[in-house]
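Coordinate analysis (summary)
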Amino acid sequence: MSDTFIYRNAPPGLLPLYARALMPKPVKAGRDVTIPALSARLLGASTAGDKLARYKTICGFTQTTSIPVTWPHVMAFPLHLKLLTAPSFPLPLLGLVHLRNTITQHRAIGVGETLDLTVRLGKQERTSRGIEFDLITEAHAAGKLIWEESSITLYRRAATESGTGRKSAPPELERYPNTLSIDAPESIGRQYAGVSGDSNPIHMHALSAKAFGFPRAIAHGMWSKARALALLEQQEDWKPGAFRVSCQFKKPLFLPGTAQLNWHSGASGWDYQLLNSRGDAPHLSGHIEWL
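Cut-offs used in this document
- Residues numbered from 1 in each chain as written.
- Predicted model: local features only at pLDDT ≥ 70, side-chain atom pairs only at ≥ 80, totals over all residues.
- Heavy atoms only, no water.
- Helix = DSSP H or I, 4+ residues; strand = E, 2+ residues; numbered from the N terminus.
- Salt bridge = Lys/Arg side-chain N within 4 Å of Asp/Glu carboxyl O.
- Buried < 20%, exposed > 50% of the residue type's maximum accessible area, 1.4 Å probe, protein only.
- Phe/Tyr/Trp six-rings, centres within 6.5 Å; stacked < 30°, edge-to-face > 60°.
- Axes fitted to C-alpha atoms, helices over the stretch in contact; angles between N-to-C directions.
- Parallel < 35°, antiparallel > 145°, perpendicular 65-115°, else oblique.
- Contact = heavy atoms within 4.5 Å.
- Nonpolar A, V, L, I, M, F, W, Y, C, P; charged D, E, K, R; others polar.
- Pairing = 2+ DSSP bridges.
- Core = buried A, V, L, I, M, F, W, Y, C linked by side-chain atoms within 4.5 Å.

1. Thoughts on unusual backbone geometry
A cis amide bond, omega -10°, links Leu255 with the succeeding residue Pro256. Despite not being glycine, Asn9 has its phi angle at roughly 70°, a positive value. Within the fold, Asn9 resides in the loop between β1 (2-8) and α1 (14-21).

2. Let's talk about the pattern of salt bridges
Scanning the model with the defined rule gives seven salt bridges in all. For Glu132, the salt bridge goes to Arg129, with nearest N and O atoms at 3.6 Å. The class for Arg129 is partly exposed, based on a relative accessible area of 39%. With a closest N to O distance of 2.7 Å, Glu186 and Arg190 form a salt bridge. The exposure class assigned to Glu186 is partly exposed, which follows from its relative accessible area of 34%. Its relative accessible area of 27% is what places Arg190 among the partly exposed residues. A single salt-bridge network, built from bridges that share partners, covers Arg100, Arg129 and Glu132.

3. A closer look at the packing of aromatic side chains
If you walk through the whole model with that rule in mind, you get nine aromatic pairs. When the centroid spacing of 5.5 Å and the interplanar angle of 80° are considered together, the rings of Trp238 and Trp270 count as edge-to-face. Here Trp270 lies in strand β10 (residues 269-275) and Trp238 lies in the loop between α8 (221-232) and β8 (243-249), a separation of 32 residues in the sequence. By relative accessible area, Trp238 is classed as buried at 12%. On the numbers, 6.5 Å between centres and 40° between planes, the contact of Phe243 with Trp290 is tilted. With a gap of 47 residues between them, Phe243 in strand β8 and Trp290 in strand β11 (residues 282-290) connect regions that are remote in the sequence.

4. Observations regarding the packing of helix α2 (residues 50-59) against α8
Direction vectors running N to C along α2 and α8 enclose 80°, while the axes themselves pass 8 Å from each other. Between α2 and α8, the angle falls in the class roughly perpendicular. Residue-level inspection shows Tyr55, Ile58 and Cys59 of α2 in contact with α8, the latter providing Trp223, Ala226, Arg227 and Ala230. Grouping the amino acids of the contact of α2 with α8 by side-chain chemistry returns six nonpolar, no polar and one charged.

5. A look at the environment of Ile182
Considering the arrangement of structural elements, one finds Ile182 in strand β7 (residues 178-184). Take Ile182: its relative accessible area is 1%, and that puts it in the buried class. Beyond its immediate chain neighbours, meaning those up to four positions away, Ile182 contacts Trp223, Arg227, Leu231, Gly257, Thr258, Ala259, Leu261 and Leu274.

6. Concerning the pairing of strand β5 (residues 130-141)
In regular strands, side chains alternate between the two faces of the sheet. With eleven of twelve residues buried, β5 is to be regarded as a mostly interior element. Here strand β4 (residues 114-126) pairs with β5 via nine bridges, running antiparallel. Note that in β5 the partner of Gln124 across the bridge is Phe133. Count of turn residues in the β4/β5 antiparallel hairpin: three residues. Between the antiparallel neighbours β5 and strand β6 (residues 144-156) lie two residues, among them Ala142 with a positive phi of about 55°.

7. Regarding the nonpolar core
Counting residues in each nonpolar core, the largest one holds 78 residues, and the members touching the most others are Trp223 and Ile288. If we ignore the near neighbours within four places in the chain, the residues touching Ile288 are Leu229, Leu232, Trp238, Phe243, Arg244, Val245, Ser268, Gly269, Trp270 and Tyr272.

Any link to function would need more than the numbers given here.
Laid out in structure tokens, this is it:
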């Protein structure tokens, strides 16, 4: 059975959804979990607004007539939250881990364009770490698909429930010829939450992050990806237009902190990574290919 929630012009309010997210949702040991076929649509969403300019500033994008490639993700966030807090969604929202994100922009999207956004829960997979599932987002303009995203998310389960695969050693870290420094101030989690709506406690304050096992607050993964892309787009050999950008989230970026954006260009596109301040461990890594 599938359910579709439909909204016109404005997304669902976040406060009731966060109130639902704080309610306990236990998952019984040994229980087979099935991700339901839920979807949500927002029709007639404007890409413009006061938050867009603030988002560009917080992430470091230039103030152009096109929206950042990551902005539709922010526009769709209330729909993501609607699905992940639905009564039929079997997993608790708090504690879910964002593993991978891939965005495909089929053409540049202008500021002020009107989009129809669709979000749906995709395939799930049992791995040695737990349950992984896909959160798929699409943006249409005038009936044509112009932007799409896949976000792979993990719900951790004990190895006795999901398999006992041996951990493989991480690949040797490769260094690329181009490097820029990125500063992540202590307040960046709250700043990003103010424009994105993503107010997960692990990003907001050191005290709230400690309640979830982190010594300090950590930067949003999608802020880190957006900050990296904002700098890469400003490079001389960047190509505007249609492209795909993938990303794997790795070690958290603790706040305040400093990171190194490290990249190189090649025949098949650009490889990039966000490293810690010493340059010996990755916060994220990814690839950009032009279409």
